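A structural walkthrough
Here is what each chain is made of, one letter per residue.
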Amino acid sequence: MQDLFMKSTLDSIFKVAFGVELDSMCGTSEEGAEFSRAFDDASAMTLWRYVDVSWKIKKFLNIGSEAALKKNIRIMDNFVYKLIKRKIEQMHNSTDDPSMKKEDILSRFLQVTETDQTYLRDIILNFIIAGKDTTAATLSWFIYMLCKHPTIQEKVAREVKQMSNVKEISDFSSFAASMGEEALEKMHYLHATITETLRLYPALPVDAKICFSDDVFPDGFNVREGDMVSFQPYAMGRMKFIWGDDAEDFRPERWLDSNGVFQPESPFKFTAFQAGPRICLGKEFAYRQMKIFSAVLLSCFTFKLADAKKPVNYRTMINLHIDGGLPVSITRRYES
Ligand code: HEM
């Protein structure tokens, strides 16, 4: 499942942010598949710099992991610069139809006359880094949690069916097409279940910052310019003094009031999306995307772990991935 989520969220971010059908899901674009591979390898190699004390020497000599990283960066750069060039050409050719220019985020940047190609490349990669693995990993943990808690899985499926107002689901794609904004808004239990997943499995388990200048924290602790300070949404999400004695239990109900309406928490308590001025810019987008994916999947299929006895471990990456993916068996809910 995790691999499929990674591919589909990459395709989705490409469509929304750059107006491009990458189709890494079906692999019809060889260029897209090469970019996707290079992107994943480059993220893993970048993280190893934290623990590999010799990375600077390797970089200087252009050997080992650093030579491979350089090659992957070149593949990504070529792909992204080509994309920017194509987009600029498309925009020039579509002057007669102004609506064509506004569809995606890259076009909007180009409209405000931003032409520095390196800056645009960084914007593109930033969106991919921020929006691909985060939602895919969260959806994987969400399905994992629902396999561990089948009654919650059924409750989510029931809510989706009820709120989407579809009497009988006869096929997957027409049900997906009928999933409107209004119906998604009403799915409070689904919203709570995704949020509960993020509390226990935040896509960014540790968030680090480097101090810009000397400072004193509210509790009197001194930090100096250049110090690294980190907070840990993973640990915070499991602390009893923050969430109560049942902090380690998966209980979506904790997010609902007595009428079943979702009650948000302060972002300084539920820190999966950061808080303050640097809070995640894609939070609403991420919820919408995750709700659409899970609503469609859960109303059409039931999920079970392929091997319920196999322990699930974390993979050492910036985002909280399931090591080795998430093999599941699925059963169709409707008669085809
Ligand atoms: C479950 C999904 C997601 C989670 C848990 C998440 C979490 C976060 C976190 C913790 C940060 C702060 C990083 C830092 O401290 O520098 C962040 C920043 C950001 N996120 Fe997300 N994110 C998610 C999905 C997305 C998506 C889908 C997009 C884009 C469509 C996105 C766009 C961004 C951007 C642009 C920033 C940078 C904001 C800034 O630096 O001011 N995120 N996200």
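Calculation criteria
- Residue positions within a chain follow its written sequence, with the count starting from 1.
- Only residues with pLDDT of 70 or above have their local features reported here, since the model is predicted, and side-chain atom pairs are shown and tallied only from 80 upward, although totals for entire chains, interfaces and linings are computed over all residues.
- Based on all heavy atoms of the structure, the side-chain values leave hydrogens and waters out of the count.
- Put simply, DSSP H or I for four residues or longer makes a helix, DSSP E for two residues or longer makes a strand, and each gets a number counted from the N terminus.
- This radius of gyration counts C-alpha atoms alone. The globule rule is 2.2 Å times how many residues there are, raised to the power 0.38.
- Exposure classes here rest on a 1.4 Å probe applied to the protein chains alone. A residue is buried below 20% of its type maximum, exposed above 50%, and partly exposed in between.
- Whether two residues touch is decided by their heavy atoms; if any such pair falls within 4.5 Å, the residues are in contact.
- Residue exposure ignores everything except the shown protein chains as possible cover, and the areas themselves are Shrake-Rupley values with a 1.4 Å probe.
- By the counting scheme adopted, Arg and Lys are positive, Glu and Asp are negative, and His together with the chain ends is not counted.
- Charge coordinates come from a single atom per side chain, which is NZ of Lys, CZ of Arg, CG of Asp or CD of Glu.
- Whenever a carboxyl oxygen of Asp or Glu lies within 4 Å of a side-chain nitrogen of Lys or Arg, that contact is scored as a salt bridge.
- One less than the number of residues in a helix, times 1.5 Å, gives the span that helix is expected to have.
- The rule is simple: put a 1 Å grid over the protein atoms alone, call a set of points where a 1.4 Å probe fits but cannot get out a cavity, call an open set with protein on both sides within 12 Å along at least five of seven lines a pocket, and count a residue as lining if it has an atom within 4 Å of a point.
- Grid points are joined across faces, edges and corners, and a volume is the space filled by probe spheres set on the points.
- Residues are grouped as follows: nonpolar covers Ala, Val, Leu, Ile, Met, Phe, Trp, Tyr, Cys and Pro; charged covers Asp, Glu, Lys and Arg; every other residue, Gly included, is treated as polar.
- Counted as donors are N, O and S atoms no farther than 2.8 Å from the metal, or 3.2 Å for Na, K and Ca; water is not among the atoms, and sites may therefore look incomplete.
- Throughout, the term near means that a residue has one or more heavy atoms lying within 4 Å of the molecule or strand in question.
- Whenever a nitrogen or oxygen atom comes within 3.5 Å of another N or O atom, the pair is scored as a polar contact, on the condition that within protein one atom can donate a hydrogen and the other can accept it, and that pairs from neighbouring residues in sequence are kept only if both atoms are in side chains.
- Only centres within 6.5 Å qualify two rings of Phe, Tyr or Trp (six-membered ring in Trp) as a pair; their planes then separate them into stacked at under 30 degrees, edge-to-face at over 60, and tilted for everything else.
- Defined by distance alone, a disulfide is two cysteine sulfur atoms within 2.5 Å.
- Axis angles are defined between N-to-C directions and span 0 to 180 degrees, where every axis is a line fitted to C-alpha atoms and, for a helix, only to the segment in contact.
- By definition in this entry, angles of less than 35 degrees are roughly parallel, angles greater than 145 are roughly antiparallel, angles of 65 to 115 are roughly perpendicular, and the rest are oblique.

The chain carries the name Cytochrome P450 in an unreviewed UniProt entry, which gives Eucalyptus grandis as its organism.

1. Observations concerning the overall build of the chain
When helices and strands are tallied, the chain shows 14 helices and eight strands. A compact globule built from 336 residues would reach a C-alpha radius of gyration of about 20 Å, and the chain, at 22 Å, matches this within 12%. Dimensions of the chain, computed from the C-alpha atoms along their principal axes, are close to 60 × 55 × 40 Å. Within the chain, the fraction of its 336 residues that count as buried is 41%. Counted over contacts in the chain with a minimum sequence separation of 6, partners at least 24 positions apart contribute 68%. As displayed, the chain offers around 19,200 Å² of accessible surface, 55% of which is attributable to carbon and sulfur atoms. Once the 43 positive and 46 negative side-chain charges of the chain are each reduced to a mean point, those two points are 3 Å apart.

2. So, the pattern of salt bridges
As enumerated under the stated definition, the model contains 21 salt bridges in all. For Lys 82, the salt bridge identified is with Glu 31, shortest N-O distance 2.8 Å. Remark: Glu 31 occurs in helix H2 (residues 30-48) and Lys 82 occurs in helix H4 (residues 64-93); sequence separation between them is 51 residues. For Glu 31, a relative accessible area of 31% translates into the label partly exposed.

3. Remarks on H2
The end-to-end C-alpha separation of H2 is 28 Å, in line with the 27 Å expected for 19 residues at 1.5 Å each. Those residues of H2 that fall on the buried side of the exposure criterion are Gly 32, Ala 33, Phe 35, Ser 36, Ala 38, Phe 39, Ala 42, Ala 44 and Leu 47. In this structure, the buried residues of H2 make contact with helix H1 (2-18), H4 and helix H6 (117-131).

4. Points about empty space enclosed by the protein
In the structure shown here, the tally under the stated rule is two cavities of 30 Å³ or more. Its boundaries defined by the atoms lining it, the largest cavity holds a volume of some 50 Å³. Taken together, Leu 198, Arg 199, Pro 202, Pro 233, Met 236, Gly 237, Trp 243, Lys 269, Phe 270, Thr 271 and Ala 272 make up the lining of the largest cavity. Here the residues of the lining of the largest cavity sort into seven nonpolar, two polar and two charged. In this model, the second largest cavity occupies a volume close to 40 Å³. As for the second largest cavity, its lining consists of Met 45, Trp 48, Arg 49, Asp 52, Trp 55, Ser 65, Glu 66 and Leu 69.

5. Quick notes on the coordination of the iron atom of the ligand
Inspection of the coordination sphere of the iron atom of the ligand shows a single protein donor, Cys 280 (SG), at 2.3 Å. Of note, Cys 280 is situated in the loop between helix H13 (240-243) and helix H14 (283-300).

6. Quick look at the site of the ligand
Neighbouring the ligand are 22 residues, the closest being Asp 207, Lys 209, Gln 274, Arg 278 and Cys 280. In this structure, an oxygen atom belonging to the ligand sits 2.9 Å away from a side-chain N or O atom of Gln 274. A distance of 2.6 Å is found between an oxygen atom of the ligand and a side-chain nitrogen or oxygen belonging to Arg 278. Elements with a contribution of two residues or more to the shell around the ligand: H6, helix H7 (133-148), strand E1 (207-210) and H14. Considered class by class, the residues forming the shell around the ligand number 13 nonpolar, six polar and three charged.

7. Concerning unusual backbone geometry
Its identity is not glycine, yet Asn 62 carries a phi of approximately 55°, on the positive side. Residue position: Asn 62 is located in the loop between helix H3 (55-61) and H4. Despite not being glycine, Gln 274 has its phi angle at roughly 70°, a positive value. Of note, Gln 274 is situated in the loop between H13 and H14.

8. Here's the deal with the packing of aromatic side chains
Applying the stated rule across the entire model yields 16 aromatic pairs. Plain terms: the ring middles of Phe 5 and Phe 293 are 6.4 Å apart, the flat faces sit at 40° to each other, and that makes the pair tilted. Placement of Phe 5 in helix H1 and of Phe 293 in helix H14 is noted, with a sequence separation of 288 residues between them. For the ring pair Trp 141 and Tyr 144, a centre distance of 5.8 Å and an interplane angle of 80° mean the geometry is edge-to-face. Linking Trp 141 with Tyr 144, this pair stays in helix H7, spanning three residues, or about one helical turn. On the basis of relative accessible area, Trp 141 is assigned to the buried category, the value being 1%.

9. Description of the state of the cysteines
For the structure on display, the rule yields zero disulfides. Of the cysteine sulfurs around Cys 147, a residue in no disulfide, the closest is that of Cys 300, at 16 Å.

10. A word on the packing of H7 against helix H8 (residues 150-164)
Contact geometry of H7 with H8 gives a least axis separation of 5 Å together with a crossing angle of 115°. Classified by the interaxial angle, the pair formed by H7 and H8 is roughly perpendicular. Packed against H7, whose contacting residues are Leu 146, Cys 147 and Lys 148, the element H8 presents Pro 150, Ile 152 and Gln 153 at the interface. Residues of the contact of H7 with H8, tallied by class, amount to four nonpolar, one polar and one charged.

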